[in-house]
Amino acid sequence: MRPLPPATGAWREGDPPGRRCWHHAETPLPLESGRHLPGVRIAYETWGRLAPDRANAVLVLHALTGDSHLAGPAGPGHPAPGWWDALTGPGRPLDTDRWFLVVPNALGGCQGTTGPASPGPDGRPWGPDFPHLTIRDQVAAELLLADALGIDRWAAVLGGSMGGMRALEWAVGHPERTGALLVLAAPAAAGADQIGWSAAQAAAIRADRGWRGGRYHDAAPGEGPHLGLGAARRIAHLTYRAGPGLEARFGRAAQPGEDPADGGRHQIESYLDHHADKLTRRFDAGSYLALSAAMNSHDLGRGRGGTTAALARYRGPALVAGVTTDRLHPLHQQRELARALPGADPLAEIDSPHGHDGFLVETDQVGRLIRALLGRALARRPAPSTP
Ligand SMILES: CC(=O)SCCNC(=O)CCNC(=O)[C@H](O)C(C)(C)COP(=O)(O)OP(=O)(O)OC[C@H]1O[C@@H](n2cnc3c(N)ncnc32)[C@H](O)[C@@H]1OP(=O)(O)O
Ligand SMILES: N[C@@H](CCO)C(=O)O
């Protein structure tokens, strides 16, 4: 058995609290663009115990503004509570008595992993000089983390939205290391509609005077591009929810204490203000743009002879699910994935009025899918092994 490399999980001066960090210091990470990213740090968290044969490791991949905090409350180092908290723990779908869960913050992110706010080669924040990233670059970094942890093959790789894109790239790019695959609310390739919504959000950020061409990380507190990021979140949040669901929830109702006939807000306006305010307190605008660009780069078929040929590379067990009311990554995109993946079950539908965010909100339904997929992963494990 290979020992864990000594640097793994070591806390270094400057590392964020509440996470383990792995530093890939030896060589710069080669990127799809031809550029190289030096000094990559991956922040990650784990739950459960790695079995002696290392066959129970499951990689769980977060969406655009998520991070490594899969479960647990908000607290020092964790600006938000765990995004699948209800699904994680002993006896839960992500059963920590059985599985060793590894959750990295994506490359380009802002919760510990190297991103635009991280120090660049001159010691100052990268800002606009941070290299363009693709989903494949993010997976390349996660591959290095897997190597550092001594995990040759994940029992399963799971993810939703941007996490689903990375899960798909793991399966297609590294099928021998992907034991089973669960993809939620993600497409085989980003389409015009998604790229268009993303462009509107990027324009909102860049229009903010505080953006300063992306060189705002040294600005005084409160002088960053918060207004632009907030506007981007409002646009994005509408794509994460469904029109009829918002209609049923808010209709034309006035925010209590305000009168829309006299310049006050409707409830929906206040609700979007709230989500914008929350995000600007926990997220970096440069990361938002870098990760959005990575999502726009997503195309499984690029350089692989097209989507169908790419998906045929992965023959392991797979489950693909979409949300019935998702207007960002509509259900037909997941249906195409389920049809083209040789080992996939028929498309699973998450029945929800909440739109794209259903993969975060509908925990009962998502939990059943995770149990089904991990049940198949368990059946494929080479030999019994307890953590
Ligand atoms: C659970 C978490 O916070 S996850 C944190 C990390 N986040 C991620 O990884 C993914 C990003 N997260 C998200 O996208 C979202 O937070 C989701 C999908 C998890 C939110 O799902 P829901 O809980 O269903 O959100 P919902 O749309 O009902 O919004 C609830 C919030 O809106 C607020 N709200 C509702 N109506 C109004 C209104 N009229 N005016 C102002 N605020 C309002 C609620 O008070 C609540 O505030 P809180 O989140 O600060 O407690
Ligand atoms: N609401 C989620 C969905 C993105 O897919 C997020 O902010 O990460």
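Everything numeric here is computed off the predicted structure, so don't read it as measured data. Numbers given to residues run from 1 along each chain, matching the order in which its sequence is written. Throughout, the order in which chains and ligands are written sets their labels, letters from A for the former and numbers from 1 for the latter. Thresholds applied to this predicted model are a pLDDT of at least 70 for local features of residues and 80 or more for the giving and counting of side-chain atom pairs; totals over whole chains, interfaces and linings are not thresholded and use all residues. Side-chain numbers here rest on the full set of heavy atoms in the structure, without hydrogens or water.

Here we look at the overall build of the protein
Convention followed: Secondary structure follows DSSP: runs of H or I at least 4 residues long count as helices, runs of E at least 2 residues long count as strands, and numbering of each begins at the N terminus. For the radius of gyration, the atom set is restricted to C-alpha positions; the globular benchmark scales as 2.2 Å times the number of residues to the power 0.38. When accessible area is computed with a 1.4 Å probe and restricted to protein chains, residues below 20% of their type maximum are described as buried, those above 50% as exposed, and intermediate ones as partly exposed. Residues are treated as being in contact if the distance between any of their heavy atoms lies within 4.5 Å. Working definition of accessibility: Shrake-Rupley area with a 1.4 Å probe, residue cover restricted to the visible protein chains.
When helices and strands are tallied, the protein shows 11 helices and 12 strands. Over its C-alpha trace the protein gives a radius of gyration of 20 Å, about what one expects of a compact globule, namely 21 Å for 387 residues. Here the C-alpha coordinates of the protein stretch approximately 70 × 50 × 45 Å along the principal axes. Taking all 387 residues of the protein together, the buried fraction comes to 56%. Restricting the contact set of the protein to residue pairs at least 6 apart, pairs at least 24 apart contribute 72%. On the protein, roughly 15900 Å² of surface is accessible, and the fraction owed to carbon and sulfur atoms is 54%.

Describing the site of ligand 1
Our working rule: For each residue, the test is whether any non-hydrogen atom lies within 4 Å of the molecule or strand; if one does, the residue is near. Contacts described as polar in this section are N or O atom pairs within 3.5 Å, which, within protein, must combine one atom able to donate a hydrogen with one able to accept it, while residues neighboring in sequence count only if both atoms come from side chains. Residues were grouped as follows: Ala, Val, Leu, Ile, Met, Phe, Trp, Tyr, Cys and Pro as nonpolar; Asp, Glu, Lys and Arg as charged; and all remaining residues, including Gly, as polar. All domain edges in this entry derive from an automatic or database-based domain assignment.
The immediate surroundings of ligand 1 are formed by 20 residues, with Arg249, Ser270, Tyr271, His274 and Lys278 found nearest. Within the side chain of tyrosine 271, a nitrogen or oxygen atom sits 2.3 Å from an oxygen atom of ligand 1. Histidine 274 has a polar side-chain atom sitting 2.8 Å from an oxygen atom of ligand 1. Where the shell around ligand 1 is concerned, the elements lending two or more residues are α5 (243-250), α6 (267-282) and α10 (358-361). Take the shell around ligand 1: its biggest share by element is seven residues, from α6. For the shell around ligand 1, the residue count by class is seven nonpolar, seven polar and six charged. Residues lining the shell around ligand 1 come from more than one domain, with at least three contributed by each of domain 1 (20-191 + 299-380) and domain 2 (194-293).

Description of the domain arrangement of the protein
Using the following cut-off: When two parts are put together, the accessible area they lose, computed with a 1.4 Å probe and summed over both, is reported as buried area. Just to be clear on terms, a salt bridge is a Lys or Arg side-chain nitrogen sitting within 4 Å of an Asp or Glu carboxyl oxygen.
Taken as a whole, the protein is organised into domain 1 (20-191 + 299-380) and domain 2 (194-293). A straight line from the C-alpha centre of domain 1 to that of domain 2 covers 25 Å. On the side of domain 2, 29 residues touch domain 1, which itself brings 34 residues to the contact. Between domain 1 and domain 2 the total buried area reaches about 2600 Å² when both faces are included, carbon and sulfur atoms providing 56% of it. When the buried area of domain 1 at its contact with domain 2 is split by residue, Leu64, Thr65 and Arg327 rank highest and sum to 25% of it. Along the contact surface separating domain 1 from domain 2 lie three salt bridges.

Digging into the site of ligand 2
Ala63, Leu64, Thr65, Gly66, Ser161, Arg233, Tyr240, His356, Asp357 and Leu360 make up every residue found near ligand 2. Threonine 65 is positioned with one of its side-chain polar atoms (N or O) 2.7 Å from an oxygen atom of ligand 2. Between an oxygen atom of ligand 2 and a side-chain N or O atom of serine 161, the distance comes to 2.6 Å. Surface burial for ligand 2 is 94%, taken as the share of its 260 Å² of free accessible area covered by protein chains. Looking at the shell around ligand 2, its residues break down into four nonpolar, four polar and two charged.

Focus on the sheet that holds strand β4 (residues 40-47)
As a reminder of what qualifies: Strands are labelled as partners when DSSP assigns at least two bridges between them. Helix axes are fitted to C-alpha atoms over the stretch in contact, other axes to C-alpha atoms as well, and angles between N-to-C directions run from 0 to 180 degrees.
Pairing is mixed across the open sheet formed by eight strands, whose spatial order is β1-β4-β8-β5-β9-β10-β11-β12. This sheet does not close on itself; its edge strands, each paired only once, are β1 (20-24) and β12 (348-350). Neighbour-to-neighbour, the strand axes of this sheet turn through a mean angle of 25°, independent of strand direction. Across four bridges, strand β5 (residues 57-61) lies against strand β9 (residues 156-160) in parallel orientation. Paired with leucine 59 across the strands is valine 157, a residue of β9.

Let's talk about the packing of helix α1 (residues 135-149) against helix α2 (residues 162-173)
Cut-off, in case you're wondering: If an angle is under 35 degrees, it is roughly parallel; if it is over 145, roughly antiparallel; if it lies from 65 to 115, roughly perpendicular; otherwise it is oblique. Should the near helix be turned anticlockwise from the far one by less than a right angle, the crossing is termed left-handed; should it be turned clockwise, right-handed.
At their nearest, the axes of α1 and α2 sit 9 Å apart, and the two run at 70° to each other. With respect to α2, the element α1 is oriented roughly perpendicular. In this structure, α1 meets α2 at a crossing whose hand is right-handed. Facing α1, whose interface residues are Ile135, Arg136, Gln138, Val139, Glu142, Leu143 and Ala146, α2 presents Met162, Met165, Arg166, Glu169 and Trp170. Along the lines of polarity and charge, the residues of the contact of α1 with α2 split into seven nonpolar, one polar and four charged.

Re the UniProt feature "binding site: substrate" (unreviewed entry) in the protein
So the rule is basically this: UniProt positions are given in the numbering used here, feature names are shortened, and annotations may be inferred rather than shown by experiment.
The residues that UniProt annotates with the feature "binding site: substrate" (unreviewed entry) are Arg233 and Asp357. In summary, the annotated positions, though distributed over 125 residues, converge in three dimensions, the widest C-alpha pair being only 13.4 Å. With respect to the helices, strands and loops of the structure, arginine 233 is situated in helix α4 (residues 226-240). Discounting residues that sit within four places of it in the chain, arginine 233 has contacts with Thr65, Tyr240, His275, Ala276, Leu279, Arg282 and Tyr288. Mapped onto the elements of the fold, aspartate 357 is located in the loop between β12 and α10.

Details of the nonpolar core
What counts is decided by this rule: By convention a nonpolar core is built from buried Ala, Val, Leu, Ile, Met, Phe, Trp, Tyr and Cys residues, the set being connected through side-chain atoms within 4.5 Å.
Among the nonpolar cores identified, the biggest contains 69 residues, and Val102, Trp154, Trp170, Leu181, Tyr288 and Leu341 are the most heavily contacted of them. A total of eight residues in this core trace back to one element, the largest contributor, which is α1. For this core, the domains that each give at least three residues are domain 1 (20-191 + 299-380) and domain 2 (194-293). Once residues lying within four places of it in the same chain are set aside, the contact partners of tryptophan 154 are Ala57, Val58, Leu59, Val102, Ala146, Trp170, Arg177, Thr178, Gly179 and Ala180. With 32 residues, the next largest nonpolar core counts Val60, Leu87, Leu184 and Phe359 among its residues.

Looking at the side chain of glutamine 334
Considering the arrangement of structural elements, one finds glutamine 334 in helix α9 (residues 331-340). According to the relative accessible area criterion, glutamine 334 is buried, its value standing at 0%. A distance of 3.1 Å separates a polar atom in the side chain of glutamine 334 from the backbone oxygen of alanine 186. Polar contacts involving the side chain of glutamine 334 include one to the main-chain carbonyl oxygen of histidine 329, which spans 3.2 Å.

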